[in-house]
Amino acid sequence: MGRQYILIADDVEVNRVVLDLMFCAEYDILQAANGREAIRYLAEGHDLALVLLDILMPAVDGFGVLDYMEDHGLLEKIPVILITGEAVEDSEERAYAYKIADVIHKPFYPEIVERRAKNIIELYQSKRRMEKRLKAQQEEIWLQERKIQEHSEFMIDALSTVVEFRGQESGEHIKRIKYFSRVLLKYLQKYYPEYKLDQDQINSMVRASALHDIGKIGISDAILLKPGELTEEEFETVKTHTTIGCDILEAFCRKRDEFYQHCYDICRHHHERWDGGGYPDHLKGEQIPLCAQVVAVADVYDALVSERIHKGALVNSVAYDMILSGECGEFAPHVLECFKFAKEDFFNLVDVLKVFDFV
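Residues numbered from 1 in each chain as written. Predicted model: local features only at pLDDT ≥ 70, side-chain atom pairs only at ≥ 80, totals over all residues. Heavy atoms only, no water.

Caption draft 1: Molecular detail of the packing of aromatic side chains. Taken as a whole, this structure holds 15 aromatic pairs when the rule is applied. For the ring pair Tyr301 and Phe339, a centre distance of 5.8 Å and an interplane angle of 65 degrees mean the geometry is edge-to-face. In this pair, Tyr301 is assigned in helix α12 (residues 290-305) and Phe339 in helix α14 (residues 333-341), connecting sequence segments 38 residues apart. The pair Tyr301 / Phe339 is uniform in exposure class, with both members buried. One cation-aromatic arrangement involves Arg94 over Phe63; the distance from NZ or CZ to the ring centre is 3.8 Å. Just above the ring of Tyr124 sits the side chain of Lys127; from NZ or CZ to the centre is 6.0 Å. (Phe/Tyr/Trp six-rings, centres within 6.5 Å; stacked < 30°, edge-to-face > 60°. Helix = DSSP H or I, 4+ residues; strand = E, 2+ residues; numbered from the N terminus. Buried < 20%, exposed > 50% of the residue type's maximum accessible area, 1.4 Å probe, protein only. Lys NZ or Arg CZ within 6 Å of the ring centre and 35° of its normal.)

Now the structure itself:
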């Protein structure tokens, strides 16, 4: 690593020479006879440890240089010592408004300038080292959190896929639900700002959507794998997968945070309907959590276009019309509007997967 620079900006040559001799043993020196030259050096991006700046200079004065440094975010990175004559009124107060490191009045004592300068440089260097360490630590924490999230998502998908395979489905249902949910949430974020959805919330809801049917693990094979129509009693048993899933979540949950709440709400309420005609709690309207409103549409659409034990797959357009017409129950109006926006996204995914026999 090469030596750092000190920029000396002063229109009096003898001052520049004196200051140069004080620091040239440890630093490379840049001399500017006016503010314009100082700005040119600053613009060149030298690794500056310090700027020693006079106020009264031709072309551009010291405050012009400070304005440039402030506009380009340099004052937080490079310490500045202002060297000013006593005849300049209010210069010190004005200079400190820029949050410079120090002000030294002319005529100055070289040993005082040198001592102050070295202390200030060390202070700023220590600050920069601490900031770098902190940034490195934050990046390491972020990487660890990212790995934890990836591992958690893998386990969630694996557990959910076990349920899907048990029902003799491809396991791709989980991936499609997550995709459909993300698309709908993105449109909600764009067209319904009143929900104040941010990316973290969207990611949490999408991950939670994978667990929507986890409760089916508690439904017997005789009912879950029945090829024909379910009896009324059997259907009532199937409905309990919503509450069974919540019991599972509560048994294994150690941290009841936002993600847990999304998991719980989706698991319990993704079969609720806007008019109260769903289950298990017959919630109406905005009583239904937003994440469950979204997954409800995604789940029904995927069920319609997918081949199941007791039914064949419907074409995209038929499934789309059935949802909009209310044949599958009444869904949240704002989610249906986003479903209209997402029409091509939904159709394209299903068509692509059909080519690879995933639907």
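Caption draft 2: Structural context of the pattern of salt bridges. Overall, the coordinates contain 15 salt bridges when judged by the stated rule. One salt bridge in this structure joins Lys106 and Asp54, with 3.2 Å as the shortest N-O distance. Residue Lys106 is located in strand β5 (residues 102-106), and its partner Asp54 is located in strand β3 (residues 48-54); the two are separated by 52 residues in the primary sequence. Here Asp54 falls in the buried class, since its relative accessible area comes to 4%. Of the charged contacts in the structure, one is a salt bridge between Asp102 and Arg116, with a shortest N-O distance of 3.4 Å. Of this pair, Asp102 sits in strand β5 while Arg116 is found in helix α5 (residues 110-166), placing the two residues 14 residues apart along the sequence. Classification of Arg116 by relative accessible area gives partly exposed; the value is 34%. One salt-bridge network, in which partners are shared between bridges, spans Asp10, Asp54 and Lys106. (Salt bridge = Lys/Arg side-chain N within 4 Å of Asp/Glu carboxyl O.)

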